[in-house]
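Summary of structural features
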Amino acid sequence: MGLNSTPSADRVHIAFFGRRNVGKSSLVNAVTSQNIAIVSDVLGTTTDPVYKAMELLPIGPVMIIDTPGLDDEGELGALRISKTRQVLNKTDIAVLVLTAGEMESKFDKDIEELIKKKEIPFIKVYNKCDLTDEKPVGDALFVSAEKKIGIQKLLEKIVLLAPKGNEKRIVGDLIEENDFVLLITPIDASAPKGRIILPQQQTIRDILDSNAVALVAKETECEALLKSVGKKPRLVITDSQVFKAAAECVPEDIPLTSFSILMARRKGLLKTAVKGVSAINNLKDGDTVLIAEGCTHHKQCEDIGSVKIPRWIREYTGKNINFETVSGTEFPEDLTKYSMVIHCGGCMLTEREVKYRMKCAEDLNIPITNYGTVIAFVTGILKRSLEIFPDLSALLD
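Residues numbered from 1 in each chain as written. Predicted model: local features only at pLDDT ≥ 70, side-chain atom pairs only at ≥ 80, totals over all residues. Heavy atoms only, no water.

1. Observations regarding the nonpolar core
Residues Val171, Ile309, Ile313 and Ile342 are the most contacted members of the largest nonpolar core, which totals 77 residues. In terms of residues, this core owes the most to one element, helix α12 (residues 371-378), which gives six residues. The residues touching Val171, leaving out its near neighbours within four places in the chain, are Thr203, Asp206, Ile207, Leu235, Ile237, Leu262 and Arg265. (Core = buried A, V, L, I, M, F, W, Y, C linked by side-chain atoms within 4.5 Å. Buried < 20%, exposed > 50% of the residue type's maximum accessible area, 1.4 Å probe, protein only. Helix = DSSP H or I, 4+ residues; strand = E, 2+ residues; numbered from the N terminus. Contact = heavy atoms within 4.5 Å.)

Below you can see the structure in the form of structure tokens.
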């Protein structure tokens, strides 16, 4: 991914919901002026959520999502409906599509109630208005995807509901102009060939946007670099996997934290993660811990989520603990079997989805934390890694 490419997690997610054959796909194509979704009179043409990253002015980078019908039938239909409901967890703006001139069904009412429960801004749209003499009621819009009627009004309403600015910084609020920040980035088997991972890319950009200087080095070069620069870095940020090595080479008077901790703060998870991490001390033989990742990737022999963290926790606790892993958009609806949840930094997930997962755990009083917090905790350097956030560091006293 290029540095000028907007990641999916940083795009406004606009999703279209409704029953089969109400014209969701046609409406998606009309709104985007592109043939994004396959259109057919056959019920259930859209069998999986369709994602399209694009620019939608004046909002900017968006993710348009066309979903399967909520009244799909059979065993496969139930799976499709489940995937559609999962899309809600990452949706910033929902477009609920109905057919003009038809009564609302139970499916329509149920999804509207769920959208309201999740506090998602939404627009109720009646499609195929050219086939009826009825008029819209309240805030609902009457449109025709085929005749391009009301599409501009729908776009205007989407723009009004779009989140407004105030993007959370990764590190920009912690540094000043002309500061230099050292980034420790190991290059191992799991690193993408020819690239560095997304949180590191985003952190570098945020540092440059602050008119500060980013120096990047592997953990093996850290000590020599610190001696040769001649200026103390304002902050050192390390990949969580080499937290211990970083702590050993970075002097105590230089603030040290991790990419994962900073990403958890950006996504609204960090305070909960700090509160939840001590649950590791309460784990017992036979307990099951869920490891959740927001991205999907080929698992390496020393994969951080499925191999290293389980090993470090077993070594730290001395307990025979079971671990289950999920990745990508998959996240269990029922968490009751787990003693705690350990999540990645969430760089590939929207803030809304990370907070949804966090709330799922909190509602069941299941501790939830994240990779960087766990690694700092089991290596005994969590307090140091949080010193740049005094209110959070105080939670450990």
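2. Notes on the sheet that holds strand β10 (residues 256-258)
The strand order β8-β7-β9-β10 describes an open sheet built from four strands, whose pairing is parallel. Two strands in the sheet have a free side with no partner beyond their single neighbour: β8 (213-217) and β10. Adjacent strand axes in the sheet meet at a mean angle of 25° when their direction is disregarded. Note: strand β7 (residues 180-184) against β8, five bridges, orientation parallel. Within β8, the residue paired with Val181 across the bridge is Ala214. The strands touched by helix α8 (residues 259-266) within the sheet are β7, β9 (235-238) and β10, with β10 carrying the most contacts at an inclination of about 70°. (Pairing = 2+ DSSP bridges. Axes fitted to C-alpha atoms, helices over the stretch in contact; angles between N-to-C directions.)

3. Things to note about the side chain of Gln241
Relative to the helices and strands, Gln241 resides in the loop between β9 and α7 (243-249). Here the side chain of Gln241 touches Lys308 through a polar contact of 2.6 Å, side chain to side chain. (Polar contact = N/O pair within 3.5 Å; in protein donor to acceptor, adjacent residues only side chain to side chain.)

4. Side note on the packing of helix α5 (residues 198-209) against α8
Where α5 meets α8, the axes come as close as 10 Å, and the angle between the chain directions of the two elements is 75°. Classed by the angle they form, the pair α5 and α8 counts as roughly perpendicular. Touching Pro199, Gln200, Gln202 and Thr203 of α5 are Phe259, Met263 and Arg266, all from α8. Classifying every residue of the contact of α5 with α8 by side-chain character gives three nonpolar, three polar and one charged. (Parallel < 35°, antiparallel > 145°, perpendicular 65-115°, else oblique. Nonpolar A, V, L, I, M, F, W, Y, C, P; charged D, E, K, R; others polar.)

5. Here we look at helix α4 (residues 151-161)
Three or more residues of α4 are buried, namely Ile151, Leu154, Leu155 and Ile158. On an axial view of α4, the arc spanned by its buried residues comes to 100°, and they lie on one face. Exposed positions of α4 whose direction lies more than 90 degrees from the buried face are Gln152, Lys153 and Leu160. Those residues of α4 that are buried lie in contact with β1 (12-18), α1 (24-32), β2 (50-56), β4 (93-99), β5 (122-127) and β6 (141-142). (Arc of directions from axis to C-beta.)

6. Describing the environment of Cys222
Inspection of the secondary structure assignment puts Cys222 in helix α6 (residues 222-229). Taking the C-alpha atoms as reference, Cys222 lies 10.0 Å from Val236; in sequence the two are 14 residues apart. Sequence-distant contacts of Cys222, that is, excluding residues within four places in its chain, are made with Leu182, Ile184, Cys249 and Val250.

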